[in-house]
Amino acid sequence: IHITSGWSGLVIALMLGRRLGYGKVPMEPHNIGMVVLGAALLWTGWFGFNAGSAAAAATNATSAFVATNIATGMAVVTWALISWAHTGRPSTVGAASGAVAGLVAITPASGFVSPMTAIVIGIVASLVCYAALVFKNKRKWDDALDTWAVHGIGGLAGALLTGIFAEVRFTPWGDNGLAFGNPAQLYENAVGAFAALAWAMGITALIIKIMDLVWPGGIRVTPKEEEVGLDLAQHGERAYVTE
């Protein structure tokens, strides 16, 4: 899910192009409190489909719950430290992004890895996703929510790390990963992950191209509509009244 959404989002962002004023005018989040609240709600809800996927109050549900929480917490701390070292100050929005990166990366591994491995996955998730974010910014890709950097790269990292660190002792019907003597598991995970990535990018590009051809004037709004704001231009209402 995260691989397909992240890489599809990148395709759409590149095909639509940058917003007016991107890189020249401030485009900060409008409400950091809401960002943190949203990340907290995601963190809480994530237990539902990681631990809840066991469909029972069983040992693998407990394992998935613990791994999810540990990896996410470690990712938050790691992202804040990286941001501090890179920019000179820890970022609250960055910490929230780290939480999502940790949640994304641990999802395929939860229920298959140990708590200690979850720490490693949380650290690696923040490292690779932060690096992807810096790369995206240097390339001036206008991915407003950093979907590619956090979900696309985080999901890919999580799939590959599961193929490395999975242990049969946590899920008896599973297999060990590369680190525990089974390189075939990493190969299978890599094939599945990159196949999903390629399919998502290709089919998304095709869908966007068709939509752009059949929609009158194309799917991107006019510069005037973009300047006015899409809430007003497309829906005839304002989400925020500032006067």
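Definitions and limits used
- Residues numbered from 1 in each chain as written.
- Predicted model: local features only at pLDDT ≥ 70, side-chain atom pairs only at ≥ 80, totals over all residues.
- Heavy atoms only, no water.
- Helix = DSSP H or I, 4+ residues; strand = E, 2+ residues; numbered from the N terminus.
- Contact = heavy atoms within 4.5 Å.
- Salt bridge = Lys/Arg side-chain N within 4 Å of Asp/Glu carboxyl O.
- Buried < 20%, exposed > 50% of the residue type's maximum accessible area, 1.4 Å probe, protein only.
- Polar contact = N/O pair within 3.5 Å; in protein donor to acceptor, adjacent residues only side chain to side chain.
- 1 Å grid on protein atoms, 1.4 Å probe; cavity = no way out; pocket = protein on both sides within 12 Å on 5 of 7 lines; lining within 4 Å.
- Points joined across faces, edges and corners; volume = space filled by probe spheres on them.
- Nonpolar A, V, L, I, M, F, W, Y, C, P; charged D, E, K, R; others polar.
- Axes fitted to C-alpha atoms, helices over the stretch in contact; angles between N-to-C directions.
- Left-handed = near helix turned anticlockwise from the far one by under 90°.

**Observations regarding the environment of Leu156**
Then, number 1: Looking at where Leu156 falls in the secondary structure, it is placed in helix α6 (residues 147-165).
Then, number 2: Along the backbone, Leu156 and Thr117 are 39 residues apart, and their C-alpha atoms lie at a distance of 17 Å.
Then, number 3: Each residue touching Leu156, except ones within four places of it in the same chain, is listed here: Ile3, Trp7, Ala193, Phe194 and Leu197.

**Notes on the pattern of salt bridges**
Then, number 1: Under the defined criterion, the tally for this structure stands at 4 salt bridges.
Then, number 2: The shortest N-O distance in the salt bridge between Asp146 and Lys136 comes to 2.5 Å. Pair noted here: Asp146 is in the loop between α5 (115-139) and α6 and Lys136 is in helix α5, with a separation of 10 residues, a long-range link. Each of the two residues, Asp146 as well as Lys136, counts as buried.
Then, number 3: A salt bridge links Arg220 to Glu226; its shortest N-O distance comes to 3.0 Å.

**Here's the deal with the side chain of Glu167**
Then, number 1: Looking at the element boundaries, Glu167 is found in the loop between α6 and α7 (183-214).
Then, number 2: Residue Glu167 is classed as buried on the basis of its relative accessible area, which comes to 7%.
Then, number 3: Beyond its immediate chain neighbours, meaning those up to four positions away, Glu167 contacts Phe112, Ser114, Thr117, Asp175, Asn176 and Phe180.

**Some points on the environment of Arg19**
Then, number 1: Along the chain, Arg19 falls in the loop between α1 (2-16) and α2 (32-50).
Then, number 2: The residues touching Arg19, leaving out its near neighbours within four places in the chain, are Met27, Asp142, Ala144, Arg220 and Glu226.
Then, number 3: Separated by 2.6 Å, the side chains of Arg19 and Asp142 make a polar contact.

**Section: the layout of surface pockets**
Then, number 1: The space that makes up the second largest pocket amounts to roughly 210 Å³.
Then, number 2: Secondary-structure elements contributing two or more residues to the lining of the second largest pocket are α2 and α3 (59-87).
Then, number 3: The dominant element in the lining of the second largest pocket, judged by the number of residues it contributes, is α3, at 3 residues.
Then, number 4: Classifying every residue of the lining of the second largest pocket by side-chain character gives 7 nonpolar, 7 polar and no charged.

**As for the packing of α1 against α6**
Then, number 1: Contact geometry of α1 with α6 gives a least axis separation of 7 Å together with a crossing angle of 145 degrees. The way α1 lies across α6 gives a crossing that is left-handed. Contacts from His2, Ile3, Ser5, Gly6, Trp7 and Leu10 in α1 reach Thr147, Trp148, His151, Gly152, Ile153, Gly155, Leu156 and Ala159 in α6.
Then, number 2: Taken together, the residues that form the contact of α1 with α6 break down as 7 nonpolar, 7 polar and no charged.

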